[in-house]
Amino acid sequence: MISDLWYKNAVIYSLSVATFMDASGDGVGDFAGLMRRLDYLHGLGVTAIWLMPFQASPCRDDGYDISNYYDVDARYGTLGDFVEFTHAAKQRGIRVIIDLVVNHTSDQHAWFKAARRDPRSHYRDWYVWSKRKPRDSNKGMVFPGVQKSTWSYDAVARAWYFHRFYDFQPDLNTSNPHVQAEILKIMGFWIQLGVSGFRMDAVPFVIATKGPRVRKPIEQYGMLRMMREFLQWRQGDAIVLAEANVLPDTDMEYFGLAGDRMHMMFNFQANQNLFYALAASDVRPLQRALKATRPRPKTAQWGMFLRNHDELDLGRLSQQERQAIFKAFGPESDMQLYDRGIRRRLAPMLDGDRRRIELAYSLMFTLPGTPVLRYGDELGMGDDLRLPERQCARTPMQWSDEPCAGFTKSSKPILPLVSSGPFGYEHVNAARQRRDPNSMLNWTERIIRMRKEVPEVGWGDFEMIATRDVSVLAIRYDWRNNSVLFVHNLASSPREVSFTVGLKGQEGQLLVNLLSEDHSQADGRGKHRLLLEAYGYRWYRAGGLDYLLKRSDVAA
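Just so you know, these numbers come straight off a predicted model, no measurement behind them.

For the rest of this paragraph, the subject is the side chain of Q398. Looking at where Q398 falls in the secondary structure, it is placed in the loop between β16 (370–374) and α14 (430–434). Looking at Q398, the relative accessible area reads 0%, which means it is buried. Side-chain polar atoms of Q398 contact the backbone oxygen of F423, separated by 3.5 Å. There is a polar contact of 2.7 Å between the side chain of Q398 and the backbone oxygen of V428. Look past the residues within four positions of Q398 in its chain and what remains in contact with it is L379, M381, A405, L417, V418, F423, G424, Y425, V428, N429 and A430.

Here helix α5 (residues 177–192) is 16 residues long and its end C-alpha atoms lie 23 Å apart, about the 22 Å a rise of 1.5 Å per residue gives. Those residues of α5 that sit buried are V179, Q180, E182, I183, L184, I186, M187, G188, W190 and I191. Between the side-chain oxygen at the start of α5 and the backbone nitrogen of H178 there is a gap of 2.8 Å, and the oxygen is on N176.

By definition, the strands of a sheet pair up through backbone hydrogen bonds, in either a parallel or an antiparallel sense. Sheet architecture is closed into a barrel: eight strands sit in the order β1-β2-β5-β9-β10-β11-β12-β16, paired in parallel fashion. Sheet twist, expressed as the mean angle between neighbouring strand axes with direction ignored, is 25°. Sheet analysis places strand β1 (residues 12–15) next to strand β2 (residues 48–51), joined by four bridges and oriented parallel. The residue bridging I12 from the neighbouring strand is A48, located in β2. This element, helix α13 (residues 354–366), spans β12 (301–305) and β16 of the sheet and lies at about 140° to β16.

The strand order across the open sheet formed by three strands is β13-β15-β14, and the pairing between neighbours is antiparallel. The open sheet has two edge strands with one neighbour each: β13 (312–313) and β14 (336–337). Pairing of β13 with strand β15 (residues 341–342), which is carried by two bridges, proceeds in the antiparallel orientation. Following the sheet pairing, D313 is matched in β15 by G341.

If you trace the backbone, L379 turns up in the loop between β16 and α14. L379 sits 63 residues away from R316 along the chain, and the two C-alpha atoms are 29 Å apart.

About the criteria used
Residues numbered from 1 in each chain as written. Predicted model: local features only at pLDDT ≥ 70, side-chain atom pairs only at ≥ 80, totals over all residues. Heavy atoms only, no water. Helix = DSSP H or I, 4+ residues; strand = E, 2+ residues; numbered from the N terminus. Buried < 20%, exposed > 50% of the residue type's maximum accessible area, 1.4 Å probe, protein only. Polar contact = N/O pair within 3.5 Å; in protein donor to acceptor, adjacent residues only side chain to side chain. Contact = heavy atoms within 4.5 Å. Expected span 1.5 Å × (residues − 1). Pairing = 2+ DSSP bridges. Axes fitted to C-alpha atoms, helices over the stretch in contact; angles between N-to-C directions.

So, in structure tokens, the structure goes:
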């Protein structure tokens, strides 16, 4: 049993070791550099770090093409450096979760090399083969427009192999019990070295049946329960955060009706509709998405995010909604990717408008779930559209206005720094913002501190509050005899709204603003009247600041 559901009220910070901090001076970030920046992350207030892949890899896909699951890529350090890092994070009360990339390996992995050389090899059935090119080889690509096929011919094996992603990433045959056992072994290895869980990559593909005769893949949900059970046996508070961009009617298949499968999932449904709400100043689709994804077991949690290391995937929206977002946030063709998304970072998408950036992050921190913040977004970092595909938004962290942004002493960083325009590191960097009390960095630190003091968002249930304005979103959370209310104006003009909180007594009469002195007292009819500035937001606690004296030790 899990005795501590730490992930229910966490603040997760996502980063790539390669682009965060370089201590060795070779231009590539490493664990020694990351360890030196732990105090920065501790000061920011994050409670968990999610690491992009750092295992041995040819790095043709930023490390998602793994060639050895049991070692650290030499560019980032050693296994000893990794253990030192996890130990240092633990000392600061920060947990570490890592990417679990087991849908595919690199074609340079020893398993695949053995499989292609010898059809009688133990590893042959660890991959998916066909003697002839399957008829549907031009369907199901993850990267349309870049990827041409899902089957490629291997001259050594004299057979076609399946790859849902790039051709240098052959899919593992995850239906094979030996592969499943190996996945558990990989999880156990890294748990032993100090991690608190995994962000599991491409979960729907991992659990789907694969093969030349598979026309409609079947999801093997039992695999998720197997992984969950293994973690509970090995380390009770270790978790899996699933990347599963699926429709709401299958969410419970991933969580499990009894909460016995995935601990967390990214809420892609809310994410895509949130961007439509920001583009159209219309909160109704977002409200529907939140209601559709409301069902989940008590121990389960959503991961709420704005931008991640991939493109902003809009594939679940209608063509009209997608075009509205393209027009607002990615109107040029080089800003779009894979015929479905936008490859920019958040700050450039919002034209660097501080009001809109704050609004977006205020929304993310107050939607039902656990917030996941991406490195550099606390500064409002930009992107470099000259870089291919998703690399444009994966540039090195901007620490200072010194050469190479304080990221490295090398003149050749792993990726070019954003060095020109309003988002160049001379203007946007941590050192400069640390000295400015009104900077984006200091705003983010304050908002994280306040978010951790409103556990109702992570633990409680929510109700939509009617405002009769499609541009204004109001949500109330209730947990253990306490309530909080959040109001956001997504319009570019001021809005005046009136509403009732839906609570009895003092809790419904007084709303105490947690971010300013702008409190609200209900009128004689129990209605609150608010004037929200353009892109304005309010965080309220209902009833007053003696809430801790009223909090119950059990669910009300």
